Every structure is written in structure tokens, then in C-alpha cells.
Amino acid sequence: MSTGESSRTVQVAVPTPLYRCFDYDLSAGQSAPPGTRVQVPFGRRRLVGVVTSQDAAADQRPRKCVEAVLDDTPIFGAEDRALIEWTARYFAAPIGEVYSLALPVRLRAGQSAAWSAPQAWRLRDDHPTPARLGRRQQAALDALRDGALGEDELRARSGLDRRGVERLSALKLITAAEDASPAAAGTAARLSDAQAAAVASLTARLGQFSASLVDGVTGSGKTEVYLAVAAEVIARGGQVLVLVPEIGLVNSMADRVRARLGRSPRVLHSGLSDGERAEQWLAARAGAADVVIATRSGVFVPMPRLGLIVVDEEHDGSYKQEDGCRYSARAVAVWRARQRAIPIVLGSATPSLESLQLVQAGQCERLVLPGRAGAAVLPSVRLVDVRAHQLEHGLCHESLTAMTEHLQAGGQVLVFLNRRGYAPAVLCHSCGWVADCHRCDAHLTLHRARNRLCCHHCGLEAAPPDRCPDCGDRNFVGAGAGTERLEHALARRFAGFPVLRIDRDTTRRVGELDARLARAASGEARILVGTQMLAKGHNFPNLSLVVIVDADQGLFSADFRAGERMAQGIFQVGGRAGRAQRAGEVLIQTHHPDHPLLQQLVRGDYGGFARMALAERHETALPPASHLVLLRAESTDTDRPLEWLREAATVGRQLFHDSVSIWDPTPAPMARRAGRHRAQLLLECARRAPLQSGLPAWIEALANLRNSRKLRWSLDVDPQSML
DNA sequence: AGCACGCCGACT
DNA sequence: GTCGGCGTGCTC
Ligand SMILES: [Zn+2]
Ligand SMILES: [Zn+2]
């Protein structure tokens, strides 16, 4: 420990939920420029932190010393640090936690960042005729037929792991090579006029900041546009970062990149092992990857030659992290592009209202790709009024009739319902008792195949009761329908037409989602039943009818974005109907056929819906016409969250500028969840600056409020879900 | 968040 | 007597 002024003092961001950095002294011989990982004593612990700056300490207080410098050269460059620090400020997150977020687990723990280019392998000239090879081993040998490949490329193409490659070497089938052969030439698809125009427009703007919205349905060729521009960026020596909203889309995007550019991209997602993730991250940072495909947290990966960012399915809510550090990878990506002065391409068939607002304001260029069926235009849409109609396991007669027609004509039918399980409630037919979760304000969902009652909000599972706890009868009925029930009912009703269910329950096992999607895409399955999952980025060429089982969920939600999300879901899933020879049809079952949102959907173009929704947001002063910050609080104590939020509101009214309106605290739409009572407080302002500038002081005041340690609280800047 | 310290009730 | 409940304070 030392005291006094020193030019050898560094400021370190440590992985704790604290908003400031801490000063440490460097010992003689130590060098730790900003961006370097250091091991430091912190209280009674020792932590790995990142040096953020090197100013001489202003105060005289005693300081501890850096115990070890973990990097020879800073692991984060100046641009990376600026991005991380902007994220911490914008989303009001503790600086050390954002640094942690930006690092793969292994490197967070202090593992060496040394990285060397992967070993290259080639076929042995004298390789023996192999006795028996596995499918992957054979794929590896085939991949090497055209020349030497780096181990990363070999593994990506064959599916072998490190030990698999070693075995091929031990079998004397392959041997180390000096260098990988140059990338094979990729195959460029012939571009439509609209695609070529989009590519030309984007290519013309390389090397400076611009935001573009590529607007086109699945199958309209958005990906070819991204990849054509990416090829140009790479040809000029740049790197490309492609963000996708979920793991399930990484592989198909990687396949497209390989086919188009002749080289496998690096990938970053939570499905990788810790070691693999660090390897991919370090390769990207070394500039060894031309293309990186990543999910959310990949937006922070250092890329020294970054020349283009693509955010695919930019409207997708998965880009917002909903726990811990609540940041939006889409927002971070836009800022990163601006900072680096490179183009960012946002792709979607159903753009977020935020993006459309940017287009209207002239800050984002819109490039429309008309698909074969027109850009984001639904085929014939019909509202099915289910009021006063008998529902057969959730489907009414009109829908079933339409299904029969399409199936008999050889079409494929998709039945969309955003509700897993057999029945969303189980009740006693004798006395009306309902099986509720004792930890949440929610009914338990019946999962019939497993014979369990499950709470979808807290994970509670229970065996169905033998007798009604109130009246003792054994007269239970499942109320309402989930995907499991639809699957059963449809398999019965349409015997001879294979039914395939795709939801989280049927795709738990690894590879099961891909296997089911393949059966769906091939047309082998004639009736598809599924949730959200089915709506994300997959193409089903034989689809001719889409049935939306329950459109009412999105109409009267406490979340003002529910309607937007529902419309996006319907356009995403409905837009897939009828791309084949057959004319497509979309049926929407509802109790509210006169609702303006549904009336707008019937007209069949997303643009019309979006204009209406945007106008509504302006009238109600909600995003993107205004900016929000949501303060949530939860506690096992019933009243504490609301009481605490009232104090928070009082403090806020003193702290924030008058233009910030601070609403009254309210219980969350689901007031109790996992045994905790939840409440929230909303701040709204037409301009972002007054909101943003008051946050640091407010956070400090909140932490010092009495009772702050007796409940959990968190701040959500630009909340995506209000529930 | 961790991880201490400190002060009170209830156990071998 | 001390074991442990959690309220409070601090981390360079
Ligand atoms: Zn529950
Ligand atoms: Zn009963």
C-alpha cells in the first residue's frame, strides 16, 4: 500500500455492481495501459479488472497495488473501451459489469489472451486407403481435397472437434501444412434489380457512417444483399460483424457465408463451450476472421478492421437483454458503427417502429426488396369471428374447413399459437376450483404427455391433484388450448396428414429443432403447430395456409408494445404462406374483429400497420415518440416495493428536469412472481438528454434510500417489455 | 454483489 | 458461555 501522488496510478473497472472505478498503484516494472486486464486486491477478495485510464490520483488516500498485469498488450483497444463505456453510461449499468459482459468467461477469469493462428492441415500424399471412416472424418477428407485448410475451417466444415482432427493425423491421413490455401471462390447468386440497387447503394457508402434498413420478407434475398456488400468490404481489407437474434439462426447464416464467400465465419454464441468461445473471440480480435456471426453479447467483440455491421431481424426483442445488464445489442451496434464511421445494415420484413421513425427523420435509408410475393405483404387475410362459435380444441369450424381444403389440395398448413402445453388452466368442473401457482399470480398449465402441472413464470412443477382440494370430486377439465392440445386434436381430426409440433417443449434436445425444421421445410409434415419459435427466420416453401389461433392476446395487454409484437409475429409467420404455386391464405381467429389493429392487418401490408401504430405512439407520447426509463422493484414483502418506489419517485421529482414526467408507481401487470411482489415506476420524457443526465444522481440516491437493501431493484433504460 | 463487523436471542 | 440471525458499511 502506498500514499500520495503518483503518475503510476491506474483506474480499474472491477466486476462488481458499483458505478465507479478504483485507483491502484503500479509497482516498478509493471506496465498497464488502458484496456489491460489486471489482478487486484478488492476488499478481502482478489478480482480481475480492466484498466480504464492512467491519470495520477488526485487524492492522498492510501492505495493498494496491482498484483499482476495479465496482458502484454491491452486486450481492449481505445474504440472497444469507448463502446463499453458508452454502453455503461447509456444503459446506466455498472462499468465493471459491462466490461465483464464484453469478455468471454475464460478471459474474465484471467486466462491468457495469447492466440496463434490455427494449424493448417493437408491430405498426406501417401495417405493409405482408409479402412472405415465416420461421416465427419470423411467430410474432413473431402474438404481437404481442394487444398490445405486451417484447423478452424476444417472443423467448421466437418463437424470434427480437436481430438477428431488429431485422430486423422494419427491415422496418417492428414499432415500439418505450412499455410492454408487461399479461400475458395464463393458462389454469388444472381441478384435481382432491387437487390443490385441495394448493394450498389450500400457499397457506395462504405468507409463512412450510415444506417440502412433492408426491408424484405424471408426469402426475398436480404442475406444475399448483406453478403454481397460483405464481400466488397472484405475485398477492401475489412471485417464484417453479423448479429442474429438467437442461436438457432447462427448456423444457417454461417452456411450462407461459407457458400457465398468460400470461407467459414467465426461464430460467437452461448451454445459454445467456454474454451471455444474464448478461441473465437480471440481470433476475431486478432483480425483473423473476415466475418463474425454473433448473438447479443457478440456486439462487443473487438475487430480491428471492422468495416460493416449487419443486424438481422432487427425488430427482434431478443437483442435486448432482459436481466442483469439491460442493454440493447441493436442500439450498441448502431453506436459502434457511428463511432467507427462504417455502415450499419438493419434487416427485417417487419421493422421496429424505432427504425421506421429513423427513416422518417431521414437518419436511415430504407431499401425495399420486393419478394416474390411482395415486400411484407400478406396473402389474403381473413378475420374469423369466434364469438358465439363452438371451438374444437381452440379452433372454430371455419378454420377447420379451410384446413381441410388446403390439405386436400396438397398444401401445407401452419397453426400458430403462442402458448405451450396442453391447457393453460385446469379447473374442477364440479365447483370451479382452478389450479394456481402458489408463488405467482398465474394459473398452472397442464402438460399432458408428462402429466404435470407447470408454472410458466417460475418453473414450479407439480403432479395434478387426485381429487379437487375444495370439493373432493375428480371432475377436472383443461380450459383453453395450448400447442400440445392442438397437436393431439389435429392428429386425430386429420388422420393421414402428419402433424409436427415445434415449440420449446419438443425441441429441448440438441439437434431436435434443426431436425424438425427440416421435416417442416421438406413438406413431409403437412400440419405444423408451433409458437414464436416457428416464426423466426425459417422458410417453408410448401406452406399455403396459416391459422393464427388467438390474436386477442396482443390486443389488450398492459404492455403498449404488445400490439406491435403481435403484428410482427403475424406478418413474419403469415408472410410465408403461398410462396409456392398455390395462392396463400391467412386466417386470424379473434373475439374482436372490429379492433382497429386487426382491421389494419386485414389490409395486409405491414407499412400501413406501422404508420397507424407510429401515429398512435405520437399521440400517446410513447416510444419512439418519447423516451422511457423503468424502475422495477420486487420483494417478498407485499407492500415494500410500492412504498420504496414512492420514495424513489419523490427523490426523482427533485432531481430530474421538469420535462421528465415521473408516473405514479404501480404494481407490475403480474403483481406476484416466484414468491415476490413486484412494482414499477415509469419515467418519460420527450427528449433523451434530461432523462439521461439525471440518472447517475438518481441511482446514487436510490442506493442510499432506506430499505434499498431489503428489496431487489433494477433500472431499465429503453424498456422493451413492460411486464 | 461479496464480505466483513456487530449486536441480540437461544442453544450444547 | 458461543452459534448464527441479518442490519450496516465498505470495497482504491
Ligand atoms: Zn409460478
Ligand atoms: Zn371441486
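Residues numbered from 1 in each chain as written. Chains lettered and ligands numbered in written order. Predicted model: local features only at pLDDT ≥ 70, side-chain atom pairs only at ≥ 80, totals over all residues. Heavy atoms only, no water.

1. Considerations on the protein's contact with DNA strand B
Stage number 1. As a structural note, the neighbourhood of DNA strand B is formed by P17, R44, R45 and R709.
Stage number 2. The share of sugar and phosphate among atoms of DNA strand B within 4 Å of the protein is 61%.
Stage number 3. A per-class count over the surface near DNA strand B returns one nonpolar, no polar and three charged. (Near = heavy atom within 4 Å. Nonpolar A, V, L, I, M, F, W, Y, C, P; charged D, E, K, R; others polar.)

2. Quick notes on helix α1 (residues 78-90)
Stage number 1. Helix length check: α1 (13 residues) gives 18 Å between terminal C-alpha atoms against 18 Å at 1.5 Å per residue, within 8%.
Stage number 2. The complete set of buried residues in α1 reads D80, R81, L83, I84, W86, T87, A88 and Y90.
Stage number 3. As for α1, its buried residues are in contact with β4 (45-53), α2 (95-102), α11 (329-340), α20 (688-704) and β34 (712-717).
Stage number 4. A92 occupies a position one or two residues after α1 and carries a positive phi of about 50°. (Helix = DSSP H or I, 4+ residues; strand = E, 2+ residues; numbered from the N terminus. Expected span 1.5 Å × (residues − 1). Buried < 20%, exposed > 50% of the residue type's maximum accessible area, 1.4 Å probe, protein only. Contact = heavy atoms within 4.5 Å.)

3. Quick notes on unusual backbone geometry
For residues that are not glycine, phi is negative in most cases, and the peptide bond is trans in most cases.
Stage number 1. Cis geometry is adopted by the peptide bond preceding P624, which originates at P623 and carries an omega value of 5°.
Stage number 2. Within the fold, P624 resides in the loop between α18 (606-620) and β30 (627-635).
Stage number 3. Non-glycine residue A341 carries a positive phi angle of around 60°.
Stage number 4. As for its position among the elements, A341 is in the loop between α11 and β15 (343-348).
Stage number 5. Take A341: its relative accessible area is 32%, and that puts it in the partly exposed class.
Stage number 6. Backbone geometry places A388, a non-glycine residue, at a positive phi of 65°.
Stage number 7. Relative to the helices and strands, A388 is located in the loop between β17 (380-385) and β18 (391-392).

4. What about the protein's contact with DNA strand C?
Stage number 1. Neighbouring residues of DNA strand C: 13 residues in total, closest D23, G43, R61, K64 and R709.
Stage number 2. Counting only atoms of DNA strand C within 4 Å of the protein, the fraction found in sugar and phosphate groups is 36%.
Stage number 3. At 3.1 Å, a backbone N or O of G43 approaches a sugar or linking oxygen of DNA strand C.
Stage number 4. Of all elements in the fold, only β2 (22-25) and β3 (37-42) reach the threshold of two or more residues within the surface near DNA strand C.
Stage number 5. Per element, the largest residue contribution to the surface near DNA strand C is three residues, and it comes from β2. (Polar contact = N/O pair within 3.5 Å; in protein donor to acceptor, adjacent residues only side chain to side chain.)

5. Overview of the sheet that holds strand β7 (residues 120-123)
Stage number 1. Taken in spatial order, the three strands line up as β8-β7-β9 in an open sheet, and their pairing is antiparallel. Because the sheet does not close on itself, it has two edges, and the strands there are β8 (149-150) and β9 (174-177).
Stage number 2. Two strands pair when backbone bridges link them, and β7 and β8 are joined in this way by two bridges, in the antiparallel orientation. Opposite W121, over in β8, you have L149 as the bridge partner.
Stage number 3. The strands touched by helix α4 (residues 135-144) are β7, β8 and β9; relative to β7, the strand with the most contacts, the crossing angle is about 90°. (Pairing = 2+ DSSP bridges. Axes fitted to C-alpha atoms, helices over the stretch in contact; angles between N-to-C directions.)

6. As for the pattern of salt bridges
Stage number 1. This model, assessed by the stated rule, comprises 50 salt bridges.
Stage number 2. Two residues, R263 and E153, come together in a salt bridge whose shortest N-O distance is 3.5 Å. Linking R263 in the loop between α9 (250-261) and β12 (266-268) with E153 in helix α5 (residues 151-158), this pair joins segments that are 110 residues apart in sequence.
Stage number 3. With a shortest N-O distance of 2.9 Å, D550 and R419 are connected by a salt bridge. One end of the pair, D550, is in the loop between β28 (543-548) and α16 (562-574); the other, R419, is in the loop between β20 (412-416) and β21 (425-428), and 131 residues separate them in sequence.
Stage number 4. On the basis of relative accessibility, which here comes to 23%, the residue R419 falls in the partly exposed class.
Stage number 5. Salt bridges sharing partners connect three or more residues here, namely D152, E153, R157, R263, R266 and E279. (Salt bridge = Lys/Arg side-chain N within 4 Å of Asp/Glu carboxyl O.)

7. Here we look at the domain arrangement of chain A
Stage number 1. Its domain assignment divides chain A into domain 1 (8-108), domain 2 (120-125 + 134-177), domain 3 (193-369), domain 4 (380-423 + 480-614) and domain 5 (627-717).
Stage number 2. Listed as interface residues are 18 residues of domain 3 and, on the opposing side, 15 residues of domain 4.
Stage number 3. When the two sides are added together, the surface that domain 3 and domain 4 hide from each other amounts to roughly 1500 Å², 55% of it contributed by carbon and sulfur.
Stage number 4. The largest per-residue losses of area from domain 3 upon contact with domain 4 belong to T218, T350 and L353, which jointly make up 39% of the total buried on that side.
Stage number 5. Connecting domain 3 to domain 4 are three salt bridges.
Stage number 6. Between R561 and E354 there is a salt bridge, with the nearest N and O atoms lying 2.9 Å from each other.
Stage number 7. Broken down by element, the side of domain 3 that touches domain 4 gets its largest block of residues, five residues, from helix α12 (residues 353-360).
Stage number 8. Split by residue class, the side of domain 3 that touches domain 4 holds five nonpolar, nine polar and four charged. (Domains from an automatic or database assignment. Buried area = accessible area lost by both parts, 1.4 Å probe.)

8. Structural notes on the coordination of the zinc ion (ligand 1)
The expected angle between donors at a tetrahedral four-coordinate metal is 109.5 degrees. At an octahedral six-coordinate metal it is 90 or 180 degrees.
Stage number 1. The coordination sphere of the zinc ion (ligand 1), as far as protein atoms go, consists of C437 (SG), C440 (SG), C455 (SG) and C458 (SG), spread over 2.3 Å.
Stage number 2. The site at the zinc ion (ligand 1) holds four donor atoms, and with the angles between them running 107 to 111°, its shape is tetrahedral.
Stage number 3. Each donor residue of the zinc ion (ligand 1) belongs to the same chain, with the gaps between them written as C-x2-C-x14-C-x2-C. There is no split in this pair, since C455 and C458 are both buried. (Donors = N, O, S within 2.8 Å, 3.2 Å for Na, K, Ca; no water. Tetrahedral: all angles 85-135°; square planar, octahedral: opposite > 155°, others 65-115°.)

9. Observations regarding the environment of L691
Stage number 1. Of note, L691 is situated in helix α20.
Stage number 2. Sequence-wise, L691 and V717 are 26 residues apart; in three dimensions their C-alpha atoms are separated by 9.6 Å.
Stage number 3. With sequence-adjacent residues up to four places away left out, L691 is seen in contact with H627, L628, V629, F656, V660, L683 and C685.

10. Notes on the UniProt feature "binding site: Zn(2+) 1" (unreviewed entry) in chain A
Stage number 1. The sites that UniProt annotates as "binding site: Zn(2+) 1" (unreviewed entry) are C428, C431, C468 and C471. Spanning 44 residues, the named residues nonetheless gather at one spot, since no C-alpha pair among them exceeds 8.7 Å.
Stage number 2. Counting through the fold element by element, C428 comes out in strand β21.
Stage number 3. Those residues within four positions of C428 in sequence are excluded, and the remaining contacts are W433, C468, C471, N475 and F476.
Stage number 4. Its place among the elements puts C431 in the loop between β21 and β22 (445-447).
Stage number 5. With near-sequence residues (within four places) excluded, C431 lies in contact with C468, D470 and C471. (UniProt positions renumbered as here; feature names shortened; annotations may be inferred.)

11. Re the sheet that holds β20
Sheet strands pair via backbone hydrogen bonds, and the direction of the pair is either parallel or antiparallel.
Stage number 1. Spatially, the six strands line up as an open sheet ordered β17-β29-β28-β20-β27-β26, and their pairing is parallel. For this open sheet the edge positions go to β17 and β26 (499-502), each flanked by a neighbour on one side alone. Looking at each pair of strands side by side, their axes are set apart by 20° on average, direction ignored.
Stage number 2. Note that β17 and strand β29 (residues 585-590) share six bridges and pair parallel. Opposite V381, over in β29, you have V586 as the bridge partner.
Stage number 3. Contacts between helix α13 (residues 397-408) and the sheet are confined to β17, β20, β27 (527-530), β28 and β29, with β28 contributing the most and set at about 170° to the helix.

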